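# Examining the three-dimensional arrangement
Residue-level listing of the chains:
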Amino acid sequence: MKRILTIQDISCLGKCSITVALPIISAMGVETTILPTAVLSTHTMFPDFTVKDLTDQLIPITEHWKSQNVKFDAIYTGYLGSAEEIEIAKKIFADFGGDDTLIFIDPVMADNGKLYPAFDLEYAKLNAGLCGEADIIVPNLTEACFMTDTEYKEDYDKAYIDELLQKLTKLGAKKVILTGIAFNDGKTGVYGLDTVTGETIAYENNRIDAAFHGTGDIFASVSVGALTRGLSLNDAFKLAADYTAKTIQVTLDNPAKPWYGVDFEATIPELVDELRKLIA
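Given the structure is predicted, the values throughout are model-derived calculations rather than measurements.

On inspection of all chains with the given rule, the structure shows 15 salt bridges. Among the ionic pairs, K66 bridges to D95, the shortest N-O distance being 3.6 Å. Of this pair, K66 sits in helix 2 (residues 55-67) while D95 is found in helix 3 (residues 83-96), placing the two residues 29 residues apart along the sequence. The partner of K90 in a salt bridge is E87, with the nearest N and O atoms 3.5 Å apart.

Here we take up unusual backbone geometry. A positive phi angle, near 60°, is found at D48, a position not held by glycine. Here D48 is to be found in the loop between strand 2 (31-42) and strand 3 (51-53). Using a relative accessible area of 75% as the deciding quantity, one classes D48 as exposed. The phi angle at D149 is positive, at roughly 55°, despite the residue not being glycine. The residue D149 is located in the loop between helix 5 (141-148) and helix 6 (158-169) in this model.

Those residues of helix 1 (residues 18-27) not exposed but buried are I18, V20, A21, I24 and I25. Seen end-on, helix 1 carries its buried residues on one side only, within an arc spanning 150°. Those residues of helix 1 hidden inside the fold are in contact with strand 1 (3-13), strand 2, strand 4 (74-77), helix 7 (215-228), helix 8 (233-253) and helix 9 (264-279). Downstream of helix 1 by one or two residues, G29 has phi in the positive range, about 85°.

Pairing of strand 10 (residues 187-194) with strand 11 (residues 200-206) involves seven bridges; the strand directions are antiparallel. Of the residues in strand 11, the one forming a bridge with T188 is N205.

As summarised here, the arrangement of the nine strands in space is 3-2-1-4-5-8-9-10-11, forming an open sheet in which the pairing is mixed. On the outer flanks of this sheet lie strand 3 and strand 11, each paired with one strand and no other. Bridge count for strand 1 against strand 4 is four bridges, and the pairing is parallel. Bridged to T6 within strand 4 is Y76. The strands touched by helix 6 are strand 8 (136-137), strand 9 (175-179) and strand 10; relative to strand 10, the strand with the most contacts, the crossing angle is about 45°.

Next up on the list: the nonpolar core. With 41 residues, the main nonpolar core has L5, I75, I92, I105, I137, L168 and L178 as its most contacted residues. In contact with I75, other than residues within four places in its own chain, are L5, I7, I92, F93, F96, G97, T101, L102, I103 and F104. Within the second largest apolar cluster, 40 residues are counted, among which are I136, V138, V190 and V224.

Tracing the backbone shows S17 in the loop between strand 1 and helix 1. Excluding its chain neighbours within four sequence positions, the residues that come into contact with S17 are Q8, D9 and D217.

This brings us to the environment of I24. Inspection of the secondary structure puts I24 in helix 1. Classification of I24 as buried rests on a relative accessible area of 0%. For the pair I24 and A128, spaced 104 residues apart in sequence, the C-alpha separation works out to 27 Å.

Considering the arrangement of structural elements, one finds L102 in strand 5 (residues 102-105). As a C-alpha pair, L102 and Y156 span 54 residues in sequence and 31 Å in three-dimensional space. Setting aside residues up to four positions removed in sequence, L102 forms contacts with D73, A74, I75, D135, I136, V224 and L227.

All right, on to the packing of aromatic side chains then. Overall, the coordinates contain 12 aromatic pairs when judged by the stated rule. Judged by centre distance (6.4 Å) and plane angle (75°), the rings of W65 and F96 are edge-to-face. Residue W65 is found in helix 2, and its partner F96 is found in helix 3; the two are separated by 31 residues along the sequence. The class for F96 is buried, based on a relative accessible area of 7%. Between Y79 and F119, the ring centres sit 5.5 Å apart and the planes meet at 40°, which makes this aromatic pair tilted. Taken together, the residues Y79 in the loop between strand 4 and helix 3 and F119 in the loop between strand 7 (114-115) and helix 4 (121-131) connect sequence positions 40 residues apart. By relative accessible area, which is 26% here, Y79 ends up partly exposed.

Conventions and cut-offs
Residues numbered from 1 in each chain as written. Predicted model: local features only at pLDDT ≥ 70, side-chain atom pairs only at ≥ 80, totals over all residues. Heavy atoms only, no water. Salt bridge = Lys/Arg side-chain N within 4 Å of Asp/Glu carboxyl O. Helix = DSSP H or I, 4+ residues; strand = E, 2+ residues; numbered from the N terminus. Buried < 20%, exposed > 50% of the residue type's maximum accessible area, 1.4 Å probe, protein only. Arc of directions from axis to C-beta. Contact = heavy atoms within 4.5 Å. Pairing = 2+ DSSP bridges. Axes fitted to C-alpha atoms, helices over the stretch in contact; angles between N-to-C directions. Core = buried A, V, L, I, M, F, W, Y, C linked by side-chain atoms within 4.5 Å. Phe/Tyr/Trp six-rings, centres within 6.5 Å; stacked < 30°, edge-to-face > 60°.

Listed below in structure tokens is the structure:
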């Protein structure tokens, strides 16, 4: 069985980060090892949440793994809360990475043209350096702009996005995928470039006018799970985009309409069915 290491925080309540990655990747038939960077009582959209930083535990944990000769088929990073955690992630790539280990980075730090409150431009530059060590990066438009010193535009054309992709490739990642990108009205999707083969990765589905915490983590988790199971870039990102959209719609159809996250638990059986079809 393949094994993925995911490095990000745990929000005990809230359906994001590790509490999304662990069940989704496991359901896809991949052993999931976690390295929690912090434990939060809830995600940060809740008031008065508690947080326990675990940065000082990351090296002792991974050193123990090294002593046990642990190997990973993929390493997937999500939200990293500090410059120190970015440097530790680089060390983990060096210690556990290799030609057969997929390095997948979701540089979680910004959205809608703004950095998250905890971060600044220096942090964005450090995240850009981390992305340079990846096989695949999946920034959204805002994150891509901050990492490449590009003016953020909500109204963009293909020329603007192609130029942005070229700037992202100069960071060093082999495959750069922009999320939340579409060139047709009423659509959203992914658009990217494989710098090794020159292949374009593009997929659009219907945009759902709703925003929920944790959907980016769902998309990234399905993507890395699918790639680890051997799917092509286009198939993996199509599966992830469609599953995320399906889960948002199911959540909207729920009379209770939970505000703090999506009902991904209800749609996991469909994800597993679709994955089986693609790997059959």
